[in-house]
Each structure stands twice: as structure tokens, then as C-alpha cells.
Amino acid sequence: MNNPKELLERNFPTADQDARSARRPSLYAGDDSSYELAFTDNDFLLHPDLRPVRMQLELLKPEMVQREENIESTIVVFGSARILPAEQAQLKLQEAQDLPSGPAREHALRTARRHVDMARFYEEARAFSSLVTEHSARLATPIYVVTGGGPGVMEAGNRGAFEVGGKSLGLNIVLPHEQEPNPYITPRLCFQFHYFALRKMHFLMRSIALVCFPGGFGTLDELFETLTLIQTGKCRKRPVLLFGREFWTKLINFDHLVDTGMISPEDLDLFRFVETADEAWETLQQVYGLGQTERGESASGW
């Protein structure tokens, strides 16, 4: 053999090459034909019987991309899509104040003042993401922020990483009323899911912490699923930080769950309340030994 490199050449065409070749006009092309390649046939791939295959693909695609991008550790940031940045909240308040007196103005003022009050959580999520991204960039294994990819707190999480020149992930979900992904996600790490279950798996597969800001049903769903997995030992223990003690304790009477025997007293140790980005990052530094305590000793444990 004159050219040893021929030993390494492919024996068969790639799937892409055959797919391109199969696009040529054919006598058997048409809606009533089964001639199309199985992996290029959307009607076949979307058939109900192919659900297990689609679920496997939805698990595999983000996994492959994250491996290629060397994403090993993440921090999940959850929170409401309805929380506005401070500047937008102030603008809504000004618009409400400019309305003529009457019931409509009073309603607009109440709504706008609520937005202004809640906007601090957008800014804290933004600051927290910046802290994580900037400081962990110095680690041998950087930590990346991952969000649900939408507006509100999710946008703040991606925005904070973007503003310090870092990468972040967005795990979007197809919903009838859902918005486009926010503009701060790293394009290579912006994914779209059909199955909630697979999206939830990807939130937790690489996470070293869950950070929950005020939110609605979606945020509560993710929070309690994570706490349940930790409580039952189905996933390893990791920090769960709840931003805003006043919000969470008014929303959920954790002590009542203990008093009625629905959870054990030690289950309250599965999460902590924090109020600021600095406090949250300091907590994670102590848990994972990423920083120094006031005594100058590396701290760890949860």
C-alpha cells in the first residue's frame, strides 16, 4: 500500500453525506411514500411511538454541547419571569404617576410600586451572577450560571455573567405563551426543550447550588423538586439559597410543616435564606472552600 493514511479513511459515507444525496428528486418522493431516510423524516420522528427516541435526543444534545464546551459545574438561578430591572420598574412608576386621577391611575400606581419593590431581586440576581462568573473564572473548574433562559430573574442571571465577559447557559422550554430567550445567553449554550422532565435533569446534572429568587408556580416546582431529591437522597446534598426571607416565610409556613409532622425539623437545614448577592456568594465560598473565612482558614461543609 502506497499511502498508509488510507487505513484511517472512513469505510462508509457519513449520515450527512447520505442525507444530502437523498435530497435528489425521486420517483418515490411524496406524502404517500415511505422512501425518505428515517432520520430526515420529520413525520416519522414526531410520531408518538418515537417519544423515547426524542427524549433521548433531548437529553443527549445539551450533554454533548456542554462536554464540548468543558462545562462541568453550574449554579442554577431560578426566579420569576415577571420581575423587572430597576430602570424599567421606575419608568412604569413614572408613567403611572403621569396618568390622570382616577381608579385606573390608582391601579397602575399599585402595580408600578410593586414592580419597583420587587426590582431589587433582579439587581441582586444580576450582581450574584457577576460575582460567580468573575471569581470562579480563576478556578481550575469555572462555575457557570444556568437559568431558564427567559426574562425577569432569568435574564438578570444571564446578564450578570454577560456583563463581566463570561459564559452562561439558558435552558428554554417551548410554551404556547412563552417569550423568546433573553439576549444575554451564550449562543452556543442556549438550548430549547420540549420535555420539562429533561430540562429539569439538565438543571441539576452539573449544579453545585440552587439559588431561588421570588417566583411563581415554575419556581416553586423547581425548588420543591430539588429539595425532594436531596431529602430522599436521590441526588447529593448541595446548597439551596432562598433570596428574601420575608417573601419565602410569608409564602410558605415551613414551621407548620414541621409542627404537623409533614417534614422533619432537620429538613429545614436543607436550605438557607440570604438577602444579598454578596451574602450568597460568601455562603458558597464557605461551603466549597472557595474563599477564606475571617480567621483565614478555608471553610467547607454545608
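Rules behind the numbers
- Residues numbered from 1 in each chain as written.
- Predicted model: local features only at pLDDT ≥ 70, side-chain atom pairs only at ≥ 80, totals over all residues.
- Heavy atoms only, no water.
- Helix = DSSP H or I, 4+ residues; strand = E, 2+ residues; numbered from the N terminus.
- Buried < 20%, exposed > 50% of the residue type's maximum accessible area, 1.4 Å probe, protein only.
- Lys, Arg positive; Asp, Glu negative; His and termini not counted.
- Salt bridge = Lys/Arg side-chain N within 4 Å of Asp/Glu carboxyl O.
- Contact = heavy atoms within 4.5 Å.
- Patch = residues over 30% accessible without salt bridge, like charges linked within 9 Å, V, L, I, M, F, W, Y side chains within 5 Å.
- Areas by Shrake-Rupley, 256 points an atom, 1.4 Å probe, with all protein chains shown as cover.
- Polar contact = N/O pair within 3.5 Å; in protein donor to acceptor, adjacent residues only side chain to side chain.
- Pairing = 2+ DSSP bridges.
- Right-handed = clockwise from strand over helix to strand, strands pointing away.
- Phe/Tyr/Trp six-rings, centres within 6.5 Å; stacked < 30°, edge-to-face > 60°.
- Lys NZ or Arg CZ within 6 Å of the ring centre and 35° of its normal.

J.: It is not clear to me how the side chain of Glu 155 should be interpreted in this structure. Could you clarify?
T.: The residue Glu 155 is located in helix H6 (residues 153–163) in this model. The buried charged residue Glu 155 lacks any salt bridge partner; its closest oppositely charged side chain belongs to Arg 159, at an N-O distance of 4.5 Å. With residues up to four places along the chain from it excluded, the contact list for Glu 155 reads Pro 85, Tyr 122, Gly 150, Asn 182, Pro 183 and Tyr 184.

J.: Teacher, can you tell me more about a nonpolar patch on the surface here?
T.: A grouping of Leu 27, Tyr 28 and Tyr 35 is seen on the molecular surface, where their side chains present a nonpolar patch of about 440 Å² in accessible area. Inspection of the secondary structure puts Tyr 35 in the loop between helix H1 (15–22) and helix H2 (42–45). The exposure class assigned to Tyr 35 is exposed, which follows from its relative accessible area of 57%.

J.: I would appreciate a short explanation of the side chain of Arg 105 in the present structure.
T.: Topologically, Arg 105 is positioned in helix H5 (residues 103–136). Polar side-chain contacts of Arg 105 include one of 3.2 Å to the backbone oxygen of Gln 97.

J.: Looking at this model, I keep getting lost on the pairing of strand S5 (residues 207–212). Mind explaining?
T.: Consecutive side chains along a regular strand alternate between the two faces of the sheet. Counted residue by residue, S5 has 6 buried out of 6 residues, so it is predominantly covered. Sheet topology places strand S1 (residues 73–78) next to S5; 5 bridges connect them, and they run parallel. Each residue of the ladder has a partner; that of Phe 78, found in S5, is Cys 212. Across 3 bridges, S5 lies against strand S6 (residues 240–243) in parallel orientation. Of the residues in S6, the one forming a bridge with Leu 210 is Val 240. Crossover handedness for the path S5 to helix H8 (residues 217–231) to S6: right-handed.

J.: What am I meant to see in the pattern of salt bridges here?
T.: One side chain can pair with another of opposite charge once the charged atoms of both are near each other. Here the structure, examined in full by the defined rule, presents 14 salt bridges. In this structure, the salt-bridge partner of Arg 126 is Glu 123, at a minimum N-O distance of 3.2 Å. Placement of both Arg 126 and Glu 123 in helix H5 is noted, with a separation of 3 residues, approximately one turn of the helix. We note a salt bridge from Glu 163 to Arg 159, for which the minimum N-O separation is 3.0 Å. Of the two residues, Glu 163 and Arg 159 both sit in helix H6, 4 residues apart, roughly one turn of that helix. Residues joined in a network through salt bridges with shared partners are Glu 87, Glu 123, Arg 126, Arg 159 and Glu 163.

J.: Help me understand the packing of aromatic side chains, please; the structure alone is not making it clear to me.
T.: Given two aromatic rings, their pairing is described by the distance between the two centres and the angle made by the two planes. The final tally for this structure, using the stated rule, is 8 aromatic pairs. Between Phe 213 and Phe 243, the aromatic rings sit 4.1 Å apart at their centres with planes inclined by 15°, giving stacked as the arrangement. A residue pair is termed long-range when its members are at least 10 positions apart, and Phe 213 in the loop between S5 and H8 and Phe 243 in strand S6 qualify at 30 residues. This pair shows no difference in class: Phe 213 is buried, exactly as Phe 243 is. Members of the aromatic cluster, joined through ring pairs, are Phe 128, Phe 213 and Phe 243. For the cation-ring pair, Arg 120 lies above Phe 121, with the distance from its terminal atom to the ring centre recorded as 4.1 Å.

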